[in-house]
Amino acid sequence: MARRSEHSQEEIKDMVLKAAENIVIEDGYGELKVRKIAMDIGYTVGSVYMVFENMADLIMHLQARTLDAIAETLTNVSLEQQADQKVIALAKAYLTFASENFNRWAMLFEHRLSESETLPDWYTVKIERLFQILEEPMRQMATGLTEHQIKQAARALWGGIHGVCLLSLTGKMDTVGVEDAEEALLLLVENFIRGWEASAVK
C-alpha cells in the first residue's frame, strides 16, 4: 500500500482518474467501484475520497476527460474544408470516436444526476465547447440568421447525430430500418444542411 507522502494530492487525483478510466474502458461503467480504483493505485478508499468529494464527483471529472477527448477529436477536423463538408466531417468524427471508445462515450449517458445534483459551471463549459465547434461552420452557412437560431440549430443537429450513434452502437438500428450507421448519418446531416441553408436565404 502506497503512502500518502509518496504522491501529492494532484498526483493521486490523476492516478485515480487514470485507473477509473482504465476500468471503464476495459470492463464498462457498471464495474467502476471505488474499492477497485483504490486497489489498482495502491491506496486506500479514504485516499480516493481525499481528492474527490464522493463517487459522483469522481465520475463527473471522469466524464469531463471524455468530453475533452471528444472536443480534441472534433477540433482536429480539417479547417480547410467548406462549411457544409466540415459539418459532415464533424458528424463522422463523432461516430468514429463513439465506436472506437464506446465504454467511455456510453458512460456520458449511463450516469444520471440525482435530483439534488446540478452540473457545475466548469462542466457546463466543456459541453458548451462541443456545441461551439459545430456552431462555427453553421454560422458560415447562414450569415443572415441570429445567434439564437444558430445555437438552437446546432443543438438540434447534435441531438440527431447522437441519436444515430446511439441506435447504431447499441444494436438498435434495425428498429428504424437502417443498417448502415454512416449512411444514416449522412442522410440526416445532408438534409439538415439543405434546410439550414435554405432558411438563411428567405
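In terms of regular secondary structure, the chain is built from nine helices and zero strands. The N-to-C order of helical and strand elements in the chain reads α-α-α-α-α-α-α-α-α. Projecting the C-alpha coordinates of the chain onto the three principal axes gives extents of approximately 65 × 35 × 35 Å. A buried classification covers 40% of the 202 residues belonging to the chain. For the chain, long-range pairs separated by at least 24 residues make up 69% of all intrachain contacts whose partners lie at least 6 apart in sequence. In the form shown here, the chain has an accessible surface area of approximately 11300 Å², with 50% of it arising from carbon and sulfur atoms. Charge-centre separation for the chain: the mean point of 20 positive side chains lies 4 Å from the mean point of 31 negative side chains.

So, about the nonpolar core. Grouped together as the largest cluster of nonpolar side chains are 45 residues, with contacts concentrated most on L74, M138 and I161. It is helix α5 (residues 83-100) that contributes the most residues to this core, eleven residues altogether. Formed by 21 residues, the second largest nonpolar core is a distinct cluster that contains L17, Y43, V51 and I59.

All right, on to a negative patch on the surface then. Residues E26, D27, E31 and D40 make up a contiguous surface patch of negative charge. If you trace the backbone, D40 turns up in helix α2 (residues 34-41). D40 gets classed as partly exposed once you look at its relative accessible area, which sits at 41%.

Reading the values: rules and limits
Residues numbered from 1 in each chain as written. Predicted model: local features only at pLDDT ≥ 70, side-chain atom pairs only at ≥ 80, totals over all residues. Heavy atoms only, no water. Helix = DSSP H or I, 4+ residues; strand = E, 2+ residues; numbered from the N terminus. Buried < 20%, exposed > 50% of the residue type's maximum accessible area, 1.4 Å probe, protein only. Contact = heavy atoms within 4.5 Å. Areas by Shrake-Rupley, 256 points an atom, 1.4 Å probe, with all protein chains shown as cover. Lys, Arg positive; Asp, Glu negative; His and termini not counted. Charge placed at Lys NZ, Arg CZ, Asp CG, Glu CD. Core = buried A, V, L, I, M, F, W, Y, C linked by side-chain atoms within 4.5 Å. Patch = residues over 30% accessible without salt bridge, like charges linked within 9 Å, V, L, I, M, F, W, Y side chains within 5 Å. Salt bridge = Lys/Arg side-chain N within 4 Å of Asp/Glu carboxyl O.

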